[in-house]
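Next come the chains, spelled out residue by residue.
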Protein chains: 2
Amino acid sequence: MPVTAFSVLAETTEEADAEREAPRRKEHIRNAAVADILAAAEAVFARAGFAGATMAEIADGAGVPKANLHYYFRTKASLYQAVLDNTLTLWLSETDGITMDADPATALGDYIRAKMRLTATHPDASRVFANEMLHGAPQIGDYLRNELKALVDEKSKAIEHWAKQGKIDPIDPRHLFFTIWAATQTYADFQPQVCAVLGKSKISRAELDRATDQLVTLVLKGCGVKIA
Amino acid sequence: MPVTAFSVLAETTEEADAEREAPRRKEHIRNAAVADILAAAEAVFARAGFAGATMAEIADGAGVPKANLHYYFRTKASLYQAVLDNTLTLWLSETDGITMDADPATALGDYIRAKMRLTATHPDASRVFANEMLHGAPQIGDYLRNELKALVDEKSKAIEHWAKQGKIDPIDPRHLFFTIWAATQTYADFQPQVCAVLGKSKISRAELDRATDQLVTLVLKGCGVKIA
DNA sequence: GTCTATACCTGGATAGAC
DNA sequence: GTCTATCCAGGTATAGAC
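The rules behind these values
- Here, residues in each chain are numbered from 1, in the same order as that chain's written sequence.
- Ligands are numbered from 1 and chains lettered from A, in the order in which they are written.
- Residue-level local features of this predicted model are given only where pLDDT is at least 70; pairs of side-chain atoms are given and counted only at 80 or more, and the full residue set underlies all totals for whole chains, interfaces and linings.
- Derived side-chain values reflect all non-hydrogen atoms in the structure, with water molecules and hydrogen atoms excluded from consideration.
- Here a strand is any run of E in DSSP of at least two residues, a helix any run of H or I of at least four, and the numbering for each starts at the N terminus.
- Each residue's exposure class comes from its accessible area (1.4 Å probe, protein chains only) as a fraction of the maximum for that residue type: buried when under 20%, exposed when over 50%, partly exposed otherwise.
- Here, residues are in contact when the closest pair of their heavy atoms is within 4.5 Å.
- Note on areas: Shrake-Rupley, 1.4 Å probe, and residue coverage restricted to the protein chains presented here.
- An automatic or database domain assignment supplies the residue ranges for each domain.
- In this description, buried area is defined as the sum, over both parts, of the accessible area (probe of 1.4 Å) that is lost when the two are combined.
- Copies overlap after least-squares fitting; the atoms used are the C-alpha atoms of residues with pLDDT of at least 70 in both.
- The rule for a salt bridge is simple: a side-chain nitrogen of Lys or Arg has to be within 4 Å of a carboxyl oxygen of Asp or Glu.
- Any two cysteine sulfur atoms lying within 2.5 Å of each other are counted as a disulfide.
- Side-chain rings of Phe, Tyr and Trp (the six-membered ring for Trp) are treated as a pair once their centres are within 6.5 Å; stacked means planes under 30 degrees apart, edge-to-face means over 60, and tilted covers the remaining angles.
- Any Lys NZ or Arg CZ found within 6 Å of a ring centre and within 35 degrees of that ring's normal is scored as a charge over the ring.
- Simply put, an axis is a line fit to the C-alpha atoms, just over the touching stretch for a helix, and the angle between two N-to-C directions goes from 0 to 180 degrees.
- An angle below 35 degrees is treated as roughly parallel, one above 145 as roughly antiparallel, one from 65 to 115 as roughly perpendicular, and anything else as oblique.
- Each residue gets one label: Ala, Val, Leu, Ile, Met, Phe, Trp, Tyr, Cys and Pro are nonpolar, Asp, Glu, Lys and Arg are charged, and the others, such as Gly, are polar.
- As used here, the arc is the angular range of directions from the helix axis to the C-beta atoms.

1. A short note on the overall build of chain A
From N to C terminus, chain A includes 11 helices and 0 strands. Along chain A, helices (α) and strands (β) appear in the sequence α-α-α-α-α-α-α-α-α-α-α when read from the amino end. In chain A, which comprises 228 residues, the share counted as buried stands at 51%. Within chain A, contacts between residues separated by at least 24 positions form 72% of all contacts whose residues are at least 6 apart in sequence. Here chain A displays about 10800 Å² of accessible surface, and carbon together with sulfur accounts for 53% of that area.

2. Considering the domain arrangement of chain A
All names here are of chain A. Under the domain assignment used here, chain A contains domain 1 (13-84) and domain 2 (93-222). Each of domain 1 and domain 2 has a C-alpha centre, and these two points are 30 Å apart. Across the contact, 9 residues belong to domain 1 and 8 residues belong to domain 2. A combined buried area of about 770 Å² lies between domain 1 and domain 2, and 63% of that area is made up of carbon and sulfur atoms.

3. Some remarks on the relation of the copies chain B and chain A
Both copies of the chain are related by a screw-like operation: a rotation about an axis and a shift along it. It takes a turn of 180° to lay chain B on chain A, together with a shift of 0.0 Å along the axis; the resulting RMSD is 0.0 Å. What we have between these two chains is a two-fold relation. Distance from the rotation axis, computed per C-alpha, reaches its smallest value in chain B at Gly222(B): 1.8 Å. Take the interface residues of chain B: 100% of them recur as interface residues in chain A, which is what a same-surface contact looks like.

4. Things to note about the interface of chain B and chain A
On the chain A side, the residues contacting the 56 residues of chain B number 56 residues. Roughly 4600 Å² of surface becomes buried between chain B and chain A when both sides are summed, with 68% attributable to carbon and sulfur atoms. Taken as a group, Leu134(B), Val197(B) and Leu218(B) account for 16% of the area that chain B buries against chain A, more than any other trio of residues on that side. With its nearest N and O atoms 2.4 Å apart, the salt bridge here joins Asp172(A) to Arg210(B).

5. Quick notes on the environment of Phe73(A)
In this fold, Phe73(A) is placed in the loop between α4 (66-72) and α5 (76-92). Each C-alpha atom of the pair Phe73(A) and Val34(A) lies 9.3 Å from the other, and the pair is 39 residues apart in sequence.

6. Thoughts on unusual backbone geometry
Of note in this structure, Ala137(A) is not a glycine but carries a positive phi near 55°. When you line up the elements, Ala137(A) lands in the loop between α7 (123-134) and α8 (141-164).

7. Re the environment of Lys66(B)
All names here are of chain B. By the secondary structure assignment, Lys 66 is in helix α4 (residues 66-72). Residues Lys 66 and Met 55, spaced 11 residues apart in sequence, show a C-alpha to C-alpha distance of 6.5 Å. The residues touching Lys 66, leaving out its near neighbours within four places in the chain, are Met 55, Ala 56 and Ala 59.

8. Digging into the state of the cysteines
Inspection of every chain in the model, using the stated rule, returns 0 disulfides over all chains. Not engaged in a disulfide, the cysteine Cys223(A) finds its nearest cysteine sulfur in Cys223(B); these two sulfurs lie 13 Å apart. The exposure class assigned to Cys223(A) is buried, which follows from its relative accessible area of 1%.

9. Description of the pattern of salt bridges
Counting across every chain of the model gives 24 salt bridges over all chains. Between Asp213(B) and Arg113(B) there is a salt bridge; the shortest N-O distance is 3.0 Å. Of this pair, Asp213(B) sits in helix α11 (residues 205-222) while Arg113(B) sits in helix α6 (residues 104-121), and the two are 100 residues apart along the sequence. According to the relative accessible area criterion, Asp213(B) is partly exposed, its value standing at 40%. Taking the shortest distance from any N to any O, the salt bridge between Lys155(B) and Glu154(B) comes out at 3.9 Å. Overall, Lys155(B) belongs to the buried group, its relative accessible area being 7%. Through salt bridges that share partners, Asp172(A), Lys200(B), Glu207(B) and Arg210(B) make up one connected network.

10. Some points on the packing of aromatic side chains
For any pair of aromatic rings, the description rests on two quantities: the centre-to-centre distance and the angle between the ring planes. A complete count under the given rule lists 20 aromatic pairs over all chains for this structure. Pairing Tyr111(B) with Phe177(B) gives two aromatic rings, centres 5.9 Å apart and planes at 80°, and the pair type is edge-to-face. With a gap of 66 residues between them, Tyr111(B) in helix α6 and Phe177(B) in helix α9 (residues 173-189) connect regions that are remote in the sequence. Pair check on accessibility: Tyr111(B) and Phe177(B) agree, each one buried. A cation over a ring is seen here: Lys76(A) above Phe50(A), with NZ or CZ 4.7 Å from the ring centre.

11. As for the packing of helix α7 (residues 123-134) of chain B against α9(B)
Residues and elements named next belong to chain B. For the pair α7 and α9, interaxial distance at closest approach is 8 Å and the crossing angle is 105°. Taken together, the axis directions place α7 and α9 in an arrangement best described as roughly perpendicular. On α9, the residues that touch Pro 123, Ser 126, Arg 127, Phe 129 and Ala 130 of α7 are Gln 185, Ala 188 and Asp 189. Residues belonging to the contact of α7 with α9 are distributed by class as follows: 4 nonpolar, 2 polar and 2 charged.

12. Notes on helix α3 (residues 55-62) of chain B
Residue and element names in this part refer to chain B. Among the residues making up α3, those that are buried are Met 55, Ile 58, Ala 59 and Ala 62. Viewed end-on, α3 has its buried residues packed into an arc of 100°, placing them on one side of the element. Set apart from the buried face of α3 by more than 90 degrees, the exposed residues are Asp 60 and Gly 61. Buried residues along α3 sit against α2 (32-52), α4 and α5 (76-92). Following α3 by one or two positions, Gly 63 has its phi on the positive side, about 75°.

Here it is in structure tokens:
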């Protein structure tokens, strides 16, 4: 699970000076330790939340001394913000297929499948996001009100267009998104409950495929989508 | 939002002695402060999680000095457990209507509406539960594997019976429950996201009614339930 | 039973050697 | 650039007066 974006690194003006006027884009990952730190931080923040996570635990997970965390990321809050930024870029993706002239069954089905895949491959990212949400979204409130709202507004127009053409029931697209997001992310966020009810110690690939197929069917049929 | 069950009170053997052999059931709420403490604790644990919550904040919310919390509940963990116990009793309710000989449309529709009402009236309970889940359910794992699993197993048999009678599509009832739980609780747990996308500062009663109606329609139609 | 004052400890952050 | 040792704030829990 490699991490690729480091938007909130601690500023190192000395190094910037040393590079003179060299283009910013020339900057690259200075040390693999940074990636390890972000990966370890995601796991710890996912399980313990911001308050419950300790820098010592993250340092252990990354295999570096505690002080190095404060060298790369000045504060615990900065490190948390960097982890959040990574998860948000993940969340915005996958909606490309939902357009006015797309086939609803294909577009919605593919979107749900993609969301479920994301939940399976990045469960910790889902949990970090959920934690932030539960605590009132102090860090990402602006993101939700701007980028996310704009994206949903645009996609909602496409779905309303489908409805005008009789390709889907006249539903509220926003609440449909809430339902899809919740139903997919629950397999990461509420994993202990899912495992307990199913009587299993982990959610198997086959089980998740069954869940995905059922959810796709439920949504398409429930919205009156004509299967092309 | 009165709190009614106090299963994990700190033990006061002195008082028990004073009561001699008096029946346990004769015990009653010794002080309204205890109810205030539990109510305040639920709110604080919901917003901050277990680690993020502080005893000082809870004491402030309840209007009592910090030390009194440790008098009624020996530790922070005991207080948290007491809050959790209250929420779990809430969660188990509302499934009474789902029986083999019930009408699927009525039973499922009523259940979804009841769950959504619960989300609206007890959002903090939902958030405390979600927090515990996200952190791996260390306190309530046993409850999930026993009481909850037994309940879902029983209700699943009823739904499978409906399917044999052709009253509903042959779906997996467990995943249907996961979807319903997630789709309803998201309006409490992910409230900041819902508000941001809708462009509102709070979720109005009317908005939640729309969401409820749409979800009931989605589920009933999506499962091929015949409307009686 | 109730509250004030305090002891003790965890954990974030930093100074300074290498 | 990297790490060891340390400082200090904040928070749980308790002792002891009333």
